[in-house]
Amino acid sequence: MDFLKVSSKSSPASVAGAIAGMVKDGVPVNMQCVGAGAVNQAIKAVAIARGFLIPTGVDISCAPTFSDVEIGGENRTAIRIAVYVHRINAQAGALTVDDTLGMVS
């Protein structure tokens, strides 16, 4: 599984564009962050990406997990963030959400 690697120096707007592009292409989105600053940038990116996607009828949510990774021969704890895709259906004034778990068809 490939990950978008987010650092504390990553631009949230750029990461958001990558997230939105992957969602629109139907590619599963997973991010990997090491450190509080990286997690902060990743969460900001998810919030920005929601703003890009909601007007197109797609919403996203995310779920974090811990993961042990090796970086430069050193073991570190990373946070991996899975992005879930939901299609928004507005019918007769009611709003329903269909979970598609990472893919938009």
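Above: the structure in question.
Cut-offs and rules
- Residues numbered from 1 in each chain as written.
- Predicted model: local features only at pLDDT ≥ 70, side-chain atom pairs only at ≥ 80, totals over all residues.
- Heavy atoms only, no water.
- Axes fitted to C-alpha atoms, helices over the stretch in contact; angles between N-to-C directions.
- Helix = DSSP H or I, 4+ residues; strand = E, 2+ residues; numbered from the N terminus.
- Parallel < 35°, antiparallel > 145°, perpendicular 65-115°, else oblique.
- Left-handed = near helix turned anticlockwise from the far one by under 90°.
- Contact = heavy atoms within 4.5 Å.
- Salt bridge = Lys/Arg side-chain N within 4 Å of Asp/Glu carboxyl O.
- Buried < 20%, exposed > 50% of the residue type's maximum accessible area, 1.4 Å probe, protein only.
- Core = buried A, V, L, I, M, F, W, Y, C linked by side-chain atoms within 4.5 Å.
- Expected span 1.5 Å × (residues − 1).
- Arc of directions from axis to C-beta.
- Disulfide = S-S within 2.5 Å.

1. Thoughts on the packing of helix 1 (residues 12–24) against helix 2 (residues 36–53)
(1) Moving on: Across the interface, helix 1 lies against helix 2 with an axial gap of 8 Å and an inter-helix angle of 55°. Classified by the angle their axes make, helix 1 and helix 2 are oblique. Between helix 1 and helix 2 the crossing geometry is right-handed. Contacts between helix 1 and helix 2 involve Pro-12, Ala-13, Val-15, Ala-16, Gly-17, Ile-19, Ala-20, Val-23 and Lys-24 from the former and Gln-41, Lys-44, Ala-45, Val-46, Ile-48, Ala-49, Phe-52 and Leu-53 from the latter.

2. Some remarks on the pattern of salt bridges
(1) Moving on: This model, assessed by the stated rule, comprises one salt bridge.
(2) Moving on: The salt bridge partner of Asp-59 is Arg-50, with a shortest N-O separation of 2.7 Å.
(3) Moving on: Of the residues examined, Asp-59 reaches a relative accessible area of 15% and is grouped as buried.
(4) Moving on: Residue class for Arg-50 comes out partly exposed when judged on its relative accessible area of 34%.

3. Here we look at the nonpolar core
(1) Moving on: Within the largest apolar cluster, 20 residues are counted, with the highest numbers of intra-cluster contacts made by Ile-19, Val-23, Met-31 and Ile-60.
(2) Moving on: Ranked by residue count, the leading element in this core is helix 2, at six residues.
(3) Moving on: If we skip the residues at most four places from it in the chain, Ile-19 touches Leu-4, Val-29, Met-31, Ala-45, Val-46, Ala-49 and Ile-60.

4. Brief notes about helix 1
(1) Moving on: The terminal C-alpha atoms of helix 1 lie 18 Å apart, and with 13 residues this matches the ideal 18 Å at 1.5 Å per residue to within 8%.
(2) Moving on: When helix 1 is considered as a whole, its buried residues turn out to be Pro-12, Val-15, Ala-16, Ile-19, Ala-20 and Val-23. Considered in projection along helix 1, the buried side chains sweep an arc of 135° and stay on one side of the axis. Seen from the buried face of helix 1, the exposed residues on the opposite side, beyond 90 degrees, are Ser-14 and Lys-24.
(3) Moving on: The first or second residue beyond helix 1 is Gly-26, which carries a positive phi of 75°.

5. Notes on helix 2
Given 3.6 residues to a turn, an α-helix orients residues that are three or four positions apart in the same direction.
(1) Moving on: End to end, helix 2 covers 26 Å across 18 residues, agreeing with the expected 26 Å (1.5 Å per residue, within 8%).
(2) Moving on: Regarding helix 2, the residues found buried are Ala-38, Gln-41, Ala-42, Ala-45, Val-46, Ala-49 and Leu-53. Buried residues of helix 2 fall within an arc of 145° about the axis and therefore sit on the same side. The exposed set on the far side of helix 2, more than 90 degrees from its buried face, consists of Ala-36 and Ala-47.

6. Section: the state of the cysteines
(1) Moving on: Tallying each qualifying case throughout the model produces zero disulfides.
(2) Moving on: Counting only cysteine sulfurs, Cys-33 is the nearest neighbor of Cys-62, a cysteine outside any disulfide, at a range of 9.7 Å.
(3) Moving on: Overall, the relative accessible area of 33% leaves Cys-62 in the partly exposed class.

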